[in-house]
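# Overview (structure and organization)
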Amino acid sequence: QVQLVESGGGLVQAGGSLRLSCAASGSFFMINDMGWYRQAPGKQRELVATVTNGGSTNYADSVKGRFTISRDNAKNTVYLQMNSLKPEDTAVYYCKSDVFPTGRPRRDYWGQGTQVTVSS
């Protein structure tokens, strides 16, 4: 079994910062891309940022220059540093990892989600 456990969400005022973490655990021999997605009430889930296992990153236009994604391959953990937060960043944030589990086919795994609320 592979599990992704997120942490770091919360309530913050506009202009503030939060750091999200997502740690993968279980039986696997490789994690490829890792990423963060978010879903606001009444909206579809959208990509926020991704990072390859080589460190190449990709960001949604709405977060470029404010958010930074990074990963620690030794800890199987991906981070999202969120600065200059805006009320429109309010959403449930999910991490996703492209995992090669031991003895099972490669597939995407999702975390349970963590709420980020930005007050104006």
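Because the structure is predicted, anything quoted here is derived from the model rather than measured. (Residues numbered from 1 in each chain as written. Predicted model: local features only at pLDDT ≥ 70, side-chain atom pairs only at ≥ 80, totals over all residues. Heavy atoms only, no water.)

Now for the overall build of the chain. A count of helical and extended segments in the chain gives zero helices and eleven strands. Going from the N terminus to the C terminus, the chain shows its helices and strands as β-β-β-β-β-β-β-β-β-β-β. In terms of overall size, the chain behaves like a compact globule, its C-alpha atoms giving a radius of gyration of 14 Å where 120 residues would be expected to give roughly 14 Å. Considering only C-alpha atoms, the chain reaches an extent of 50 × 25 × 20 Å along its principal axes. The burial tally for the chain puts 43% of its 120 residues in the buried class. Long-range pairs, those at least 24 residues apart, make up 55% of the contacts in the chain with a sequence separation of at least 6. The positive charge centre, built from 13 side chains, and the negative charge centre, built from 9, are 2 Å apart in the chain. (Helix = DSSP H or I, 4+ residues; strand = E, 2+ residues; numbered from the N terminus. Rg over C-alpha atoms; globule rule 2.2 N^0.38 Å. Buried < 20%, exposed > 50% of the residue type's maximum accessible area, 1.4 Å probe, protein only. Contact = heavy atoms within 4.5 Å. Lys, Arg positive; Asp, Glu negative; His and termini not counted. Charge placed at Lys NZ, Arg CZ, Asp CG, Glu CD.)

Tracing the chain through its elements places S84 in the loop between β8 (77-82) and β9 (91-101). Residues S84 and R107 lie 23 residues apart in sequence; the distance between their C-alpha atoms is 33 Å. The residues contacting S84, other than those within four sequence positions of it, are G15, G16, S17, R66 and D89.

Positionally, K96 belongs in strand β9. Beyond its immediate sequence surroundings of up to four residues, K96 is in contact with L4, D33, M34, G35, Y37, D108, Y109 and W110.

Summed over all chains, the structure comprises six salt bridges. Note that D89 and R38 form a salt bridge whose closest N and O atoms lie 3.0 Å from each other. Remark: R38 occurs in strand β4 (residues 28-39) and D89 occurs in the loop between β8 and β9; sequence separation between them is 51 residues. By the burial criterion, D89 is buried, and R38 matches it. Residue D108 is joined to K96 by a salt bridge in which the shortest nitrogen-to-oxygen separation is 3.6 Å. Pair noted here: D108 is in strand β10 (residues 107-110) and K96 is in strand β9, with a separation of twelve residues, a long-range link. With a relative accessible area of 35%, D108 lands in the partly exposed category. If you follow the salt bridges from partner to partner, you end up with R38, E46, R66 and D89 in one network. (Salt bridge = Lys/Arg side-chain N within 4 Å of Asp/Glu carboxyl O.)

Turning our attention to the pairing of β9. Residues in a regular strand project their side chains so that they alternate between the two faces of the sheet. Judged by how many residues are buried, β9 sits mostly within the fold: nine of eleven residues are covered. Pairing between β4 and β9: nine bridges, direction antiparallel. Counterpart to G35 in the pairing with β9 is K96. Sheet topology places β9 next to strand β11 (residues 114-119); three bridges connect them, and they run antiparallel. Looking at the pairing, V92 lines up with Q115 of β11. Bridge analysis of β9 against β10 gives four bridges, and the strand direction is antiparallel. Bridge assignment links D98 to a residue of β10, and that residue is D108. Hairpin connection of β9 to β10: five residues between the antiparallel strands, including G103 at a positive phi of 75 degrees. (Pairing = 2+ DSSP bridges.)

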